[in-house]
Amino acid sequence: MAYEATWHANLKVRLRRLRLSKNMRRLVRETDLTSDDFIYPLFVRHGAGIKLPVESLPGKHQLSVDNLAAEVREISALGIPAVILFGIPEHKDWCGTDNFAEDGIVPRAIRAIKETDPDLLVISDMCFCQYTDHGHCGIINIPDNPHYDPALPPGYLHNDHTLDLLQQASLTHAGAGADIIAPSGMIDGAVAAIRSTLDSDGAQHVAVMSYIKYASAFYGPFRDAAESAPQFGDRSQYQMDPANQRQAFKEISLDIEEGADIIMIKPALPNLDVLSRLRENHSVPAAAYQVSGEYAMIHAAAQRGWIDLERVALESLTCIKRAGADMIISYFAKDALKWLGA
Ligand code: PBG
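These lines cover the structure that appears in this document, whether it is placed above or below. All values reported here derive from a predicted model rather than from experimental measurement.

In this section: the overall build of the protein. When its secondary structure is counted, the protein shows eleven helices and ten strands. Rg of the C-alpha trace for the protein: 22 Å, near the compact-globule value of 20 Å for 342 residues, within the 12% margin. The principal-axis extent of the C-alpha atoms belonging to the protein is close to 90 × 45 × 40 Å. Expressed as a percentage of the 342 residues in the protein, the buried residues total 52%. Counting every atom, the protein has about 16,200 Å² of accessible surface; 51% of that belongs to carbon and sulfur. Both charge centroids of the protein, one from 32 positive and one from 44 negative side chains, sit 13 Å from each other.

Set out below in structure tokens:
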């Protein structure tokens, strides 16, 4: 029997037509995740035969350099274009020597990765928190170090001395074969300092990806994985207050002026507003970092049976891309591509 004509029968716009079947939804889908979108984080440490599980990052490990080849082959086979490296040094000291030493953990890892697959892009996270004995991202104003200045507040992060170290470490990592240097400490002038030293030292081909980083509690599990928790205070004297958006755009403009090739927003899901405005207002490629806490929360809730791991992970990644990410750093990268049947 024909449906009795009422005013509804005259509805011309029925958006549900486009949602009716799986194939119709496929046809009109605006955002698809592919292997092109991902950057996979790796934690590397000195030693041999090490594959140490990180408790707060289910399925993630600290790897020794000899275990990288197998990992790299798996990553490349999935079509992932890039990895980002986090090193755990054997010895920490006041100025983070392992980060700029030729035989430091990251330079060694870069060489091993490039030996296995020269085409896999290597991004080196450029920060000092894993390497310093106090766990802060640079030189700290404390009486027992050579840069101590009683006129500055105790515990103050010496911005400009830290720039010198960032330059040295960037040159070492570039020399070992890094394709992208990613300053992550929110140190003023870091992009300009790194760009100028790379350019004057024959590494003009190496790109800079600058972090726009909030002082976030979502980094908790990473600090277990990278053994980088600050020994006193927190990082809010240099990382941004999550309450601020205008400040993020001041940082973004400065970083672009200083020569950043790619801007990365971090953490991803809590800062999609910043990501989408970055995409609208600037032409640089935008990266988003789905950080350790975002990954761990999804796993923890899924373990309790409260959410579906695969669906929540893929939904989060899709929405990060929809908001404007050209690339996503994610601990889910390998799993996501397996789930998507890549
Ligand atoms: C180093 C660095 C951190 C992360 C990436 N680079 C830790 C921090 O700022 O404390 C966090 C990444 C994550 O949580 O997955 N500065």
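Counting buried positions over the eight residues of strand β1 (residues 38–45) gives eight, a clear majority of the element. Both β1 and strand β10 (residues 327–330) contribute to a ladder of two bridges, which runs parallel. Across the sheet, the residue bridging to F38 is I328, located in β10. The pairing of β1 with strand β3 (residues 61–64) spans three bridges and is classified as parallel. Looking across to β3, one finds that V44 is bridged to L63.

What follows covers the environment of I181. The residue I181 is located in strand β6 (residues 180–183) in this model. Its relative accessible area of 0% is what places I181 among the buried residues. Separated by 27 residues in sequence, I181 and V208 have C-alpha atoms that sit 4.9 Å apart. Beyond its immediate stretch of four places on either side in the chain, I181 contacts S124, M126, S170, H173, A174, I194, L198, V206, A207, V208 and M209.

Before going further, it helps to examine the packing of helix α3 (residues 105–116) against helix α4 (residues 159–176). Two elements in contact, α3 and α4, have axes separated by 8 Å at closest approach and are oriented at 20°. Considered as vectors, α3 and α4 are oriented roughly parallel to each other. Here the hand of the crossing between α3 and α4 comes out right-handed. For the pair formed by α3 and α4, the contact residues are V106, P107, I110 and R111 on the first element and T172, H173 and A176 on the second. Classifying every residue of the contact of α3 with α4 by side-chain character gives four nonpolar, two polar and one charged.

How each quantity is defined
- Residues numbered from 1 in each chain as written.
- Predicted model: local features only at pLDDT ≥ 70, side-chain atom pairs only at ≥ 80, totals over all residues.
- Heavy atoms only, no water.
- Helix = DSSP H or I, 4+ residues; strand = E, 2+ residues; numbered from the N terminus.
- Rg over C-alpha atoms; globule rule 2.2 N^0.38 Å.
- Buried < 20%, exposed > 50% of the residue type's maximum accessible area, 1.4 Å probe, protein only.
- Areas by Shrake-Rupley, 256 points an atom, 1.4 Å probe, with all protein chains shown as cover.
- Lys, Arg positive; Asp, Glu negative; His and termini not counted.
- Charge placed at Lys NZ, Arg CZ, Asp CG, Glu CD.
- Pairing = 2+ DSSP bridges.
- Contact = heavy atoms within 4.5 Å.
- Axes fitted to C-alpha atoms, helices over the stretch in contact; angles between N-to-C directions.
- Parallel < 35°, antiparallel > 145°, perpendicular 65-115°, else oblique.
- Left-handed = near helix turned anticlockwise from the far one by under 90°.
- Nonpolar A, V, L, I, M, F, W, Y, C, P; charged D, E, K, R; others polar.

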